[in-house]
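# Coordinate inspection notes
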Amino acid sequence: MATSEAEVQTAVRGGCALFKRMIANLEIRIRDERRRLAVIEASLRKVESQPKPDPALIEQLKQSIASLQSQIEEDETSLADIRIDFEMFCT
């Protein structure tokens, strides 16, 4: 069974729409992660500025920061890869 040009175009448009949704979702996710990171960093500064800071809480906040930074980096890499794919297939 031969695939018609219209079916091919429909499939391409659907794939491009999927890329756009993936890009938008990752951009939102990264933005939200950066906001959470800023909140955690502010909490860390606040805890560290106390007269007797809790070392366990400081360590927990630092681990949260490191984990979130790693997640942001992974998401930024994924976003860059998806953008490359989008440019290759949809432009």
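Report on the accompanying structure. Please read all numbers here as calculations on a predicted model, not as lab measurements. (Residues numbered from 1 in each chain as written. Predicted model: local features only at pLDDT ≥ 70, side-chain atom pairs only at ≥ 80, totals over all residues. Heavy atoms only, no water.)

### A short note on a nonpolar patch on the surface
Taken together, the side chains of Ile84, Met88 and Phe89 present a nonpolar region at the surface, about 340 Å² in accessible area. Residue placement: Met88 occurs in helix 2 (residues 55-90). (Patch = residues over 30% accessible without salt bridge, like charges linked within 9 Å, V, L, I, M, F, W, Y side chains within 5 Å. Areas by Shrake-Rupley, 256 points an atom, 1.4 Å probe, with all protein chains shown as cover. Salt bridge = Lys/Arg side-chain N within 4 Å of Asp/Glu carboxyl O. Helix = DSSP H or I, 4+ residues; strand = E, 2+ residues; numbered from the N terminus.)

### Structural notes on the side chain of Glu33
Within the secondary structure, Glu33 is located in helix 1 (residues 5-48). Owing to a relative accessible area of 2%, Glu33 belongs among the buried residues under this scheme. (Buried < 20%, exposed > 50% of the residue type's maximum accessible area, 1.4 Å probe, protein only.)

### Description of the state of the cysteines
Counted according to the given criterion, the structure contains one disulfide. At a sulfur-sulfur separation of 2.1 Å, the disulfide partner of Cys16 is Cys90. Negative torsions about the S-S bond denote left-handed disulfides, and the value of about -105 degrees found for Cys16 with Cys90 makes this one left-handed. Of this pair, Cys16 sits in helix 1 while Cys90 sits in helix 2; the two residues are 74 residues apart in sequence, bridging distant segments of the chain. Residue Cys16 is classed as buried on the basis of its relative accessible area of 12%. (Disulfide = S-S within 2.5 Å.)

### A short note on the packing of aromatic side chains
Scanning all chains against the criterion turns up two aromatic pairs. When the ring of Phe19 is compared with that of Phe86, the centres are 6.5 Å apart and the planes differ by 80 degrees; the resulting orientation is edge-to-face. Here Phe19 is found in helix 1, whereas its partner Phe86 is found in helix 2, with 67 residues between them in sequence. According to the relative accessible area criterion, Phe19 is buried, its value standing at 17%. (Phe/Tyr/Trp six-rings, centres within 6.5 Å; stacked < 30°, edge-to-face > 60°.)

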